[in-house]
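Structural overview for review
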Amino acid sequence: MAAVVLAKGRDRRLKAGHLWVYAGEIATVDEGAAAGELVEVRDFRRRFLGRGTYNPASNITVRLLTREPDEAVDRAFFERRIDKALSYRDRVFPGETTLRLVFGEGDYLPGLVADRYGSCLCLQIGTLGMERFRPVLLAILRERLDPAGIYERSDLASRAHEGLPPAEGVIEGKVPEVIPVTLDGLEFRVRLAQAQKTGLFLDQRLNRQALLPLSGGRTVLDAFCNTGGFGLYALRGGARSVLGVDISPSCTQLAREQAGANGFQDRAEFLEANAFDFLHSVDREGRRFGIVVLDPPAFTKSARSVEGARRGYKEINLRALRILEPDGFLLTSSCSYHIGLEDFLSILQEAVADSGRTARLVSVRGQSPDHPVCPGVPETSYLKFALLHVS
């Protein structure tokens with residue numbers, strides 16, 4: 001097998017547990033290495049480090065699949081990995097039929113994401129290497145789960161860096177336009193063709209549950225509400241009212257439908273608006289809420305725009321703090337990988353100081369356990385969630 005040989009001293013990150021080899025870490029590539037195919041990764045003395053898929057068109061040139069020199073990357077290999085992923089989900093969410101089944105590097109299957117929504121699967125393939133294994137992956141998922149249908153949401157911008165076109169649509173069986181699912185006693189309606197990413201934002205599941213004991217009798221503002229997930233949990237927890245705000249008309253419409261499906265329509269309102277502008281106007285008007293939820297999209301996708309992202313996060317958290325009633329709660333998130341946890345907490349500290357409020361940090365959390373973190377791959381730990389009690 002052709003080998004990718006790393007430059008001297010450029011193997012430390014890989015040895016520490018990372019699964020990616022960047023182009024700048026490579027000294028030489030053996031003749032015969034082909035895009036999308038398997039290669040061995042070796043140090044500058046050509047000692048074996050692992051085996052993975054190769055793509056010279058990508059800055060992430062190799063994505064490691066195994067560190068075992070005698071482990072073949074074949075159908076049996078993918079069966080073992082997928083079986084381990086499914087077994088783990090059975091332990092952390094026994095009997096659950098709405099969850100993430102495979103989380104890329106978190107399950108040591110870089111480039112593959114699979115979600116389950118009842119009897120249907122949503123698949124996302126993000127790399128050329130995993131694309132080459134598509135027939136095997138589909139066959140295994142079909143055999144293990146027997147889905148009624150599989151929908152693909154491989155419409156990632158990053159696929160262009162892999163030399164791949166976007167791919168979206170039903171690839172097997174039948175997938176209804178609306179998939180009704182139940183999660184934590186709430187009914188959700190998943191529209192895979194219209195949803196952002198792969199359907200529901202399942203990574204926030206346990207963080208949404210934090211609203212259940214806090215919401216009784218409260219007025220709740222759910223900013224950047226998407227399809228209303230946090231608001232539904234607040235309503236289930238007994239919120240007096242929920243106001244959800246999102247810039248997407250399709251999201252707010254689905255949020256209304258889901259509130260109605262759960263019998264919450266009399267206590268829920270969803271507005272199509274820019275959340276930044278809305279927070280500013282609410283502050284200016286002097287309106288107050290008992291709970292404010294901030295779950296914005298990523299404000300930065302690269303290290304180059306971190307400062308602008310910091311300003312954005314501080315702005316929305318400052319406004320949220322100012323419109324909270326005394327004894328209120330702020331639930332705030334960042335899914336920007338390039339804003340680390342320490343930086344996120346620093347932003348919150350600055351916002352609290354500038355707001356003139358007194359706040360206590362009640363808890364700090366991350367993503368749901370069906371999105372496991374690979375310790376050697378910090379990119380798998382992207383979601384930061386903080387709960388603050390504000391007086």
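Let me sum up the structure you'll find in this document. Position numbers for residues count from 1 along each chain, tracking the sequence in the order it is written. In view of the model being predicted, local features appear only for residues whose pLDDT reaches at least 70, and side-chain atom pairs are presented and counted only at 80 or more, with totals across whole chains, interfaces and linings using the full set of residues. Side-chain metrics in this entry use all non-hydrogen atoms of the structure; hydrogen atoms and water are not considered.

For the rest of this paragraph, the subject is the nonpolar core. By nonpolar core is meant a set of buried Ala, Val, Leu, Ile, Met, Phe, Trp, Tyr and Cys residues that side-chain atoms within 4.5 Å join together. The buried label goes to any residue with under 20% of its type's maximum accessible area, the exposed label to any with over 50%, and the partly exposed label to all in between, with areas taken from a 1.4 Å probe on protein chains only. Of all hydrophobic cores here, the largest spans 37 residues; its most connected members are Tyr117, Ile179, Phe188, Leu192, Leu211, Ile291 and Leu331. Ranked by the residues each element gives to this core, the list is headed by helix 6 (residues 229-236), at five residues. Excluding anything up to four places from it in sequence, leucine 331 contacts Asn207, Ala210, Leu211, Ile291, Val292, Val293, Leu294, Phe385, Ala386 and Leu387. Ranked by size, the runner-up nonpolar core spans 31 residues in total, among them Leu324, Leu348, Val352 and Ala386. Labels follow the DSSP assignment, with helices taken as runs of H or I lasting at least four residues and strands as runs of E lasting at least two, numbered in each case from the N terminus. Working rule for contacts: check all heavy atoms of both residues, and any pair within 4.5 Å makes them a contact.

The rule for pairing is simple: two strands pair if DSSP sees at least two bridges between them. Across the sheet, seven strands lie side by side as 16-15-14-17-18-20-19; this open sheet has mixed pairing. Two strands bound the open sheet, and with one partner strand each, they are strand 16 (268-272) and strand 19 (359-365). Along the sheet, successive strands turn relative to each other by an average axial angle of 15°, direction set aside. Pairing analysis gives five bridges linking strand 15 (residues 241-246) to strand 16, with the strands arranged parallel. Within strand 16, the position partnered with glycine 244 by the bridge is phenylalanine 270. Every axis corresponds to a line fitted to the C-alpha atoms, with the helix fit spanning only the stretch in contact, and the corresponding angles, defined between N-to-C directions, vary from 0 to 180 degrees. Contacts from helix 9 (residues 306-322) reach strand 17 (289-294), strand 18 (324-334) and strand 20 (384-390), with the element oriented near 160° to strand 18.

In this fold, glutamine 367 is placed in the loop between strand 19 and strand 20. Pairs of N or O atoms are called polar contacts if they sit within 3.5 Å, as long as, within protein, a hydrogen donor faces a hydrogen acceptor (for residues adjacent in sequence, only side-chain-to-side-chain pairs). Within the structure, glutamine 367 has its side chain in polar contact with the backbone oxygen of histidine 371 (distance 3.1 Å). Here threonine 380 takes part through its backbone oxygen, which lies 2.6 Å from a polar atom of the side chain of glutamine 367. Residues within four places of glutamine 367 in sequence aside, it is in contact with Phe103, Asp203, Val373, Thr380, Ser381, Tyr382 and Leu383.

Attention shifts here to unusual backbone geometry. With a phi angle near 45°, aspartate 146 is a residue other than glycine that sits in the positive phi range. Here aspartate 146 falls in the exposed class, since its relative accessible area comes to 64%. Its identity is not glycine, yet asparagine 226 carries a phi of approximately 55°, on the positive side. Checked against the element boundaries, asparagine 226 lands in the loop between strand 14 (219-223) and helix 6. Exposure remark for asparagine 226: the relative accessible area of 13% places this residue in the buried category.

Next up on the list: the side chain of serine 58. Structurally, serine 58 is set in the loop between strand 5 (48-54) and strand 6 (60-66). You can call serine 58 buried: its relative accessible area is 7%. Within the structure, serine 58 has its side chain in polar contact with the backbone nitrogen of isoleucine 60 (distance 3.1 Å). Not counting the four nearest positions on each side in its chain, serine 58 is found in contact with Arg63, His161 and Glu162.

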